[in-house]
Amino acid sequence: MVERWAATTTRAKPPHMVDLLLDAGALLGESPRWSAQEQCLYWVDIEGREIHRTDPTTGADAVMILDQQVGCIAPRASGGLIAALEDGCALIDAWGDVPRPFGQAALADKPEQRFNDGCVDALGRLWVGSLTSDKANPRAALYRLDPDGSLTEIFGGVTTSNGAAFSPDGRIFYHADTPTHAVRAYDVDAAAGTLSDGRIFHQFELSAGRPDGAAVDAEGCYWSALWDGWRVVRLSPAGELLQTVELPVQRPTMIAFGGADLMTAFVTSAGKNLTDAERKAQPHAGGLFTFRVDVPGLAQPMFGG
């Protein structure tokens, strides 16, 4: 039996129905990525050290278990996946294959850090950030991994790199350092692979949820999952709040769009570090949720390596 919740929105229309697709019980579900070729959703449980492949039609869920945490993944143009692990990135040539290191192990000498959120641009480059457990010292960073394996630090001074997404034309890059409650926008020089003119795109209120993973739809609106916020929100290209979709879990972590028409939203969530009372109030924490949207998402580029 599929459980459903009526999610209120800021628009004067019937609420979106939120469905529980998979009661996965993930510790830290993240990085949902739709595969148009396979018509399935890939996603990870970072702290569970798992990569999942979920068929939304049947609910079947295959799991790959890794020997270290996996912050994010993306499909590769040549098949398989790119995975950002604890200290570096790795290629997975086919489902079930052992990951093989790719590029520089940039975090090998930084045990307090691991790779976290990331996304691929139109030129097949992975923009991936790190986070640090030493919250008093924001030394994490955003990097660009090119298809030839070269890794470039884009900027530092970050605590928890999140919310990476590009505008439909690729000219704007969005990024959140989650503890700041702010999403920033940057101008992109695609040829050079650089960013400039960083500015506040949207500042969320304190104590009302922090911006985690994100996606951009075909109208250029930015969807953000709010950790400890019980919701995902849709922001206009100008940063104005357009829509709120409430969820039955406290810690949604990231949103992606898929399905044949790219009009199904998939939202991962986290079930770790909840009190007994919190867990009782949200028995499906760590689950994978879906709802239909009014504007399709964007087909995501694949990593070129």
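Presented here is a report on the structure given in the accompanying data block. (Residues numbered from 1 in each chain as written. Predicted model: local features only at pLDDT ≥ 70, side-chain atom pairs only at ≥ 80, totals over all residues. Heavy atoms only, no water.)

1. Examining the overall build of the protein chain
Counting its regular elements, the protein chain contains one helix and 25 strands. Computed over the C-alpha atoms, the radius of gyration of the protein chain is 18 Å, within 12% of the 19 Å expected from 2.2 N^0.38 for a compact globule of 305 residues. Reported as C-alpha extents along the three principal axes, the dimensions of the protein chain are approximately 50 × 40 × 40 Å. A fraction of 45% describes how many contacts in the protein chain between residues 6 or more apart in sequence connect residues 24 or more apart. (Helix = DSSP H or I, 4+ residues; strand = E, 2+ residues; numbered from the N terminus. Rg over C-alpha atoms; globule rule 2.2 N^0.38 Å. Contact = heavy atoms within 4.5 Å.)

2. Digging into the sheet that holds strand β11 (residues 113-120)
Strand order in the open sheet formed by four strands is β11-β12-β13-β14, with antiparallel pairing between adjacent strands. Whereas interior strands pair on both sides, the edge strands pair on one side only; in this sheet they are β11 and β14 (151-158). Strand-to-strand twist of the sheet, defined as the mean angle between neighbouring strand axes without regard to direction, takes the value 20 degrees. (Pairing = 2+ DSSP bridges. Axes fitted to C-alpha atoms, helices over the stretch in contact; angles between N-to-C directions.)

3. A closer look at the pattern of salt bridges
Once their charged atoms are close, side chains differing in charge can pair, the charge on each being opposite to the other. In this structure the tally under the stated criterion is 14 salt bridges. Linking Lys 272 and Glu 47 is a salt bridge whose minimum nitrogen-to-oxygen distance equals 2.6 Å. Residue Lys 272 is found in the loop between β24 (264-269) and α1 (276-281), and its partner Glu 47 is found in the loop between β4 (40-45) and β5 (50-54); the two are separated by 225 residues along the sequence. Between Asp 93 and Arg 100 there is a salt bridge; the shortest N-O distance is 2.8 Å. Each of the salt bridges in this network shares a partner with another, and the network as a whole consists of Arg 76, Asp 93 and Arg 100. (Salt bridge = Lys/Arg side-chain N within 4 Å of Asp/Glu carboxyl O.)

4. A look at the side chain of Ser 130
The residue Ser 130 is located in strand β12 (residues 126-132) in this model. A polar contact of 3.0 Å, which involves the side chain of Ser 130, links it to the side chain of Gln 113. Among all residues touching Ser 130, those that are not within four sequence positions of it are Leu 107, Gln 113, Arg 114, Phe 115, Asn 116, Ala 140, Ala 141, Tyr 143, Val 158, Thr 159, Thr 160 and Ser 161. (Polar contact = N/O pair within 3.5 Å; in protein donor to acceptor, adjacent residues only side chain to side chain.)

5. Quick word on the sheet that holds strand β18 (residues 194-203)
The antiparallel open sheet is built from four strands, whose spatial order is β15-β16-β17-β18. Looking at which strands have only one partner, the edges of the open sheet turn out to be β15 (161-166) and β18. The mean inter-strand angle of the sheet, taken between neighbouring strand axes irrespective of direction, is 25 degrees. Relative to strand β17 (residues 182-189), strand β16 (residues 172-177) is paired through six bridges, and the arrangement is antiparallel. In the sheet register, Asp 177 faces β17, and the bridge partner there is Ala 182.

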